[in-house]
Amino acid sequence: MKNSLKPKYDMRLLFSCLFLVSFLNVFSQEETKPKIEPIVKIDSLYREDQFYTTITYNLFSNIPADLKQNKFSLGISAGFLRDMPVNKKRTFAIAAGLGLSYQNFFQNLTISKDGSDALVYQVNDYNEFVSNRYRQYLVDVPIEFRWRNSTFDSYKFWRVYLGVKLSYAFATKSVLDDGESTYKISNDSNINKFQYGPYLSAGYNTWNLYIYYGLNPLFKSVKTLSGEDLNIRTINAGLIFYIL
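All chains use their own residue numbering, which begins from 1 and follows the written sequence. Reporting in this predicted model follows two pLDDT cut-offs: at least 70 for local features of residues, and 80 or more for side-chain atom pairs to be given and counted; totals over whole chains, interfaces and linings ignore these cut-offs and use all residues. Note: side-chain values were computed over all heavy atoms of the structure, leaving out hydrogens and water.

Chemist: Just to check I follow, could you spell out the overall build of the chain for this structure?
Modeler: Secondary structure elements follow DSSP: runs of H or I of four or more residues count as helices, runs of E of two or more count as strands, with numbering from the N terminus. Looking only at helices and strands, the chain features one helix and eleven strands. Start at the N end of the chain and walk to the C end: the helices and strands fall as α-β-β-β-β-β-β-β-β-β-β-β. When a residue's accessible area, from a 1.4 Å probe over protein chains only, is under 20% of the maximum for its type it is buried; when over 50% it is exposed; and in between it is partly exposed. Going through the 244 residues of the chain one by one, you find that 36% of them count as buried. Throughout, a residue-residue contact means that at least one pair of heavy atoms, one from each residue, lies within 4.5 Å. Counting contacts in the chain only where the partners sit at least 6 residues apart, residues at least 24 apart contribute 69% of the total. Entry remark: accessible area of the chain is about 15300 Å², with carbon and sulfur atoms responsible for 63%. The accessible surface values rely on the Shrake-Rupley method and a 1.4 Å probe; as for residues, cover is taken only from the protein chains in view.

Chemist: Teacher, can you tell me more about the pattern of salt bridges here?
Modeler: When charged atoms on two side chains of opposite charge get close, those side chains can pair. Any carboxyl oxygen of Asp or Glu within 4 Å of a side-chain nitrogen of Lys or Arg constitutes a salt bridge here. Within this structure, the stated rule accounts for five salt bridges. With a closest N to O distance of 2.8 Å, Arg146 and Asp83 form a salt bridge. One end of the pair, Arg146, is in strand β6 (residues 131-148); the other, Asp83, is in strand β2 (residues 74-85), with 63 residues separating them in the sequence. No difference in accessibility class separates Arg146 from Asp83, as the two residues are buried. Residues Glu144 and Arg146 are paired through a salt bridge, measuring 2.6 Å at the closest nitrogen-oxygen approach. Here Glu144 falls in the buried class, since its relative accessible area comes to 3%. Beyond isolated ion pairs, a larger network of salt bridges with shared partners links Asp83, Glu144, Arg146 and Arg148.

Chemist: Just checking my understanding: could you explain empty space enclosed by the protein for this structure?
Modeler: To find leftover empty space, one rolls a probe the size of a water molecule over the atoms. A cavity here means a set of points on a 1 Å grid, drawn over the protein atoms and nothing else, where a 1.4 Å probe fits but cannot get out; a pocket is an open set with protein on both sides within 12 Å along at least five of seven lines, and a residue lines either one if it has an atom within 4 Å of a point. Grid points are joined across faces, edges and corners, and a volume is the space filled by probe spheres set on the points. Scanning the model with the defined rule gives five cavities of 30 Å³ or more in all. Taken as a whole, the largest cavity spans an internal volume of roughly 110 Å³. Forming the boundary of the largest cavity are 13 residues, of which Tyr52, Pro142, Tyr199, Tyr210 and Ile240 lie nearest the centre. A total of three residues in the lining of the largest cavity trace back to one element, the largest contributor, which is β6.

Chemist: Explain the layout of surface pockets to me, please; I cannot follow it from the model alone.
Modeler: Its boundaries defined by the atoms lining it, the largest pocket holds a volume of some 310 Å³. Polar here means any residue other than Ala, Val, Leu, Ile, Met, Phe, Trp, Tyr, Cys and Pro, which are nonpolar, and Asp, Glu, Lys and Arg, which are charged; Gly is therefore polar. Counted by class, the lining of the largest pocket contains seven nonpolar, six polar and six charged residues.

Chemist: Got a minute to help me understand the packing of aromatic side chains in this structure?
Modeler: Within 6.5 Å between ring centres, the rings of Phe, Tyr and Trp (the latter by its six-membered ring) count as paired, and their orientation is classed by plane angle as stacked under 30 degrees, edge-to-face over 60, tilted in between. In total, this model carries 14 aromatic pairs according to the counting rule given. Here the aromatic rings of Tyr126 and Phe129 are separated by 5.5 Å at their centres, their planes lie at 50 degrees, and the arrangement is tilted. Assessed through its relative accessible area of 29%, Tyr126 is described here as partly exposed. Aromatic rings pair up to connect Phe60, Phe105 and Tyr134 into one cluster. Whether a charge sits over a ring depends on NZ of Lys or CZ of Arg being within 6 Å of the ring centre and within 35 degrees of the ring normal. Above the ring of Tyr161, the side-chain terminus of Arg146 is found at 4.4 Å from the ring centroid.

Chemist: Hey, could you run me through the side chain of Asp83 in this one?
Modeler: Exposure remark for Asp83: the relative accessible area of 0% places this residue in the buried category. A polar contact is formed between the side chain of Asp83 and the side chain of Arg148, at a distance of 3.0 Å. Ignoring sequence-local partners within four residues, the contact set of Asp83 consists of Arg47, Glu48, Gln50, Ala93, Ile94, Ala95, Arg146 and Arg148. Polar contacts, as used here, are pairs of N or O atoms within 3.5 Å; protein pairs need one atom able to donate a hydrogen and one able to accept it. Residues neighboring in sequence count only if both atoms are side-chain atoms.

This is the structure in C-alpha cells:
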C-alpha cells in the first residue's frame, strides 16, 4: 500500500513546485518592468534668431563743411524677425519683421527760429551754444537674406545677414540751448519721415557686428544759413544681439 500512494504524493509535489515557480516568475516580471527610454525628437523645422536688439553709435555722413559730432550719440533698437529657411539644411533663410528704434545725435548743426518763426539751420562753433542735439523715434521693417552654419541642437554658430531696413520716423525733436534761449523743435516738417538703407550683421554666437547706411537724406530740400545743401545721411554702427 505504501508503494501505491507514493506516486500520487510525488505528482502532487511536482505540480506544487511547478505552480510555485510560475507564480514567482510572474511576480518577478511585474516588479522588474523594463524602463522605456523617452524618444528624443529631432526638430527638423527649427528657426533661428527671431528676436534682436542693437546698440549703436550714430554718425552723420555727407555732411557740410565744419559739421562735427561730440559726445556719444547712442542708438538702441529691438524687434522681431520671422525666420523662413529656404533650404533643407536650414542654413539659408529669408527673414522679415518689425521693430522700434531710438536714435540720438549730438552735433553742431543747430535748428532755431528767426523773428518770423521760420526755422533756421546753421553750423555753429561749439563755443556759440551750451548744448545741442537731435533725436528721432522710428518704426522699422527689416528684411534680410541670411546665411548661418547652425544645426538643430547648436546655439553657437557663424552668421552673415544682409538686409534692407525701411523706417518711419513717427517722432523727432531737436533741442538747442544757445545760452540765451532754448529752441525745442518737435516733428520738424523738413525731416524725411520715411528712411531706408542697407545693413549688414555678422559674427559668431552672441557677438555680432552691425552697420546700417541711410540711402536717402535725413532732411528734405533744406539749406543752411550760409547756403549749403543739407544732404546728410545717417550711419549706425555697433553690436546686434539675437535671441531664439
